[in-house]
Amino acid sequence: MSHPHRLIALLCCVLGCSVAGNSAKAQDITHSFLACGQKTYLMGADGKAIWTYPSASRDGYVLDDGTIILTLNKSKRHRGGAVVRIAPDGKETLIWKGTQSEVNSAHPTEDGTFVITEAGDQPRLLELSSTGEVILDFPLACQKKNHHMQTRMARKLSDGTYLVPHLLDFAVFHYDDKGKILGKLDTTVPGDSEHKIHSWPFTAIRHGDGQTLVTCTNGNRVVDFDADGKVIWTLTNDDLPGAWLQAPCGAQGLPNGNVVITSYAGGRADVDAPKLMEVTRDKQVVWTYRDGQKVGVHHFQLLTTNGEKLAGPILK
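All values reported here derive from a predicted model rather than from experimental measurement.

Cut-offs applied
Residues numbered from 1 in each chain as written. Predicted model: local features only at pLDDT ≥ 70, side-chain atom pairs only at ≥ 80, totals over all residues. Heavy atoms only, no water. Core = buried A, V, L, I, M, F, W, Y, C linked by side-chain atoms within 4.5 Å. Buried < 20%, exposed > 50% of the residue type's maximum accessible area, 1.4 Å probe, protein only. Helix = DSSP H or I, 4+ residues; strand = E, 2+ residues; numbered from the N terminus. Contact = heavy atoms within 4.5 Å. Pairing = 2+ DSSP bridges. Salt bridge = Lys/Arg side-chain N within 4 Å of Asp/Glu carboxyl O. Axes fitted to C-alpha atoms, helices over the stretch in contact; angles between N-to-C directions.

F33, Y41, V260, L276, W287 and Y289 are the most contacted members of the largest nonpolar core, which totals 14 residues. Of the residues forming this core, the biggest block, three residues, is contributed by strand 23 (residues 285-289). Setting aside anything within four residues of it in sequence, one finds V260 in contact with G250, A251, Q252, L254, L276, M277, E278, W287, F300 and L302. Among the nonpolar cores identified, the runner-up in size contains 13 residues, and L240, W244, V259 and M277 belong to it.

Time to look at the environment of F202. Note that F202 resides in strand 16 (residues 199-207). Under the relative-accessibility criterion, F202 is labelled buried at 3%. Separated by 105 residues in sequence, F202 and G307 place their C-alpha atoms 29 Å apart. Excluding its chain neighbours within four sequence positions, the residues that come into contact with F202 are R152, M153, P165, L167, T215, T217, C249, G250 and H298.

Across the six residues of strand 4 (residues 57-62), six count as buried, placing the element largely inside the fold. Bridge count for strand 4 against strand 5 (residues 68-72) is five bridges, and the pairing is antiparallel. From the neighbouring strand, G60 faces strand 5, where its bridge partner is L70. The loop that links strand 4 with its antiparallel partner strand 5 comprises five residues; one of these, G66, has a positive phi angle of about 95 degrees.

Under the definition given, this model contains 12 salt bridges. Between E127 and K156 there is a salt bridge, with its nearest N and O atoms 2.9 Å apart. You can see E127 sitting in strand 10 (residues 124-128) and its partner K156 sitting in strand 12 (residues 155-156), a full 29 residues away along the chain. When its relative accessible area of 4% is taken as the criterion, E127 is described as buried. As a salt-bridge pair, R281 and D224 come within 3.0 Å of each other at their nearest N and O atoms. In this pair, R281 is assigned in the loop between strand 22 (276-279) and strand 23 and D224 in strand 18 (residues 221-225), connecting sequence segments 57 residues apart. Residue classification places R281 among the partly exposed residues on the basis of a relative accessible area of 35%. You can call D224 buried: its relative accessible area is 0%. Residues participating in the shared-partner salt-bridge network are D59, R155 and K316.

For the rest of this paragraph, the subject is the side chain of Q211. Following the sequence through the fold, Q211 ends up in strand 17 (residues 211-218). Apart from the residues lying within four places of it in its own chain, the contact partners of Q211 are I205, R206, D224, F225, D226, I232 and R281.

The strand order 20-21-22-23 describes an open sheet built from four strands, whose pairing is antiparallel. Where the open sheet ends on each side, the last strands, each with one partner, are strand 20 (251-253) and strand 23. Here the average twist between neighbouring strands, direction ignored, is 15 degrees. With four bridges connecting them, strand 22 and strand 23 associate as antiparallel partners. Considered in strand 23, the bridge of E278 is made with W287.

Right, let's talk about unusual backbone geometry for a bit. At F170, a position not held by glycine, the phi torsion is positive, near 55 degrees. With respect to the element layout, F170 can be found in the loop between strand 13 (162-166) and strand 14 (171-175). Despite not being glycine, N218 shows a phi value in the positive range, around 65 degrees. Mapped onto the fold, N218 is located in strand 17.

Moving on, we get to the sheet that holds strand 19 (residues 231-235). With respect to topology, four strands assemble into an open sheet ordered 16-17-18-19, the strand pairing being antiparallel. Both edges of this open sheet fall to strand 16 and strand 19, since each of them pairs with a single strand only. Across the sheet, the axes of successive neighbouring strands diverge by a mean angle of 20 degrees, strand direction being ignored. The pairing of strand 16 with strand 17 spans eight bridges and is classified as antiparallel. Along strand 17, the bridge assignment pairs A204 with V214.

Remember, this is a structural readout, not a statement about activity or role.
Encoded structure:
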């Protein structure tokens, strides 16, 4: 890991420096970002890692004050996974130690709480106070046989409800704060009633006027639902210059309407395949990140575009 006392300076550089105007042409687009996966790091706009963390992670956020929140993979140190807070001075504190098989996400809310999910015999969603105290806890209505395939990126919405993707259930569930199911978004490929195409939901982003963008890992699809649950936009490899969607896991919606998507398996067959790609609504690729390594990106957070800090809520 980079020396702790350098983290403040590094984040100040990433979040505060301006290196280009917003009028840059598509090929001149630059992004800095936090990457989570088998490797966890902060990537500068110049394509060079400026900070690394010595453990694999599943989800992560950089807060406005430079604090980094990481959801850690299960390991010898944390048998059931964990959520940690890394302060700008480099000090690390434990927010939550997993009590089951895995901790799969941690969403820092506008209220200063953290929404996490645990996979295991009793899959559940918890909301924690800023100090890690449980203030909400309800069971998730997903299958229980395969712990690893129960859920991924749970997010709290502005109305106090929760969106939770359940992979082997082929649906994004919408829960209220008591755990009641308010609705579901079915990610099954039309006509595939036997689920031969593994269109497993991974990240669900509520945006616009009640729309929900969903990445479907393994099935290599990204779909956008309207407020009534109708699919209004789909991205597949048929829309791209090549088979660039390789297990799309994470995604982030940008203020300009574009979406950035990860390819978690990108690099396994071709190390030069894109790990991240920015796509417009008319399906034009305007930016890619490639690093020549076999290890992909599980999830991420874009921090700046052309040197300017991203405005608005973090939609990821």
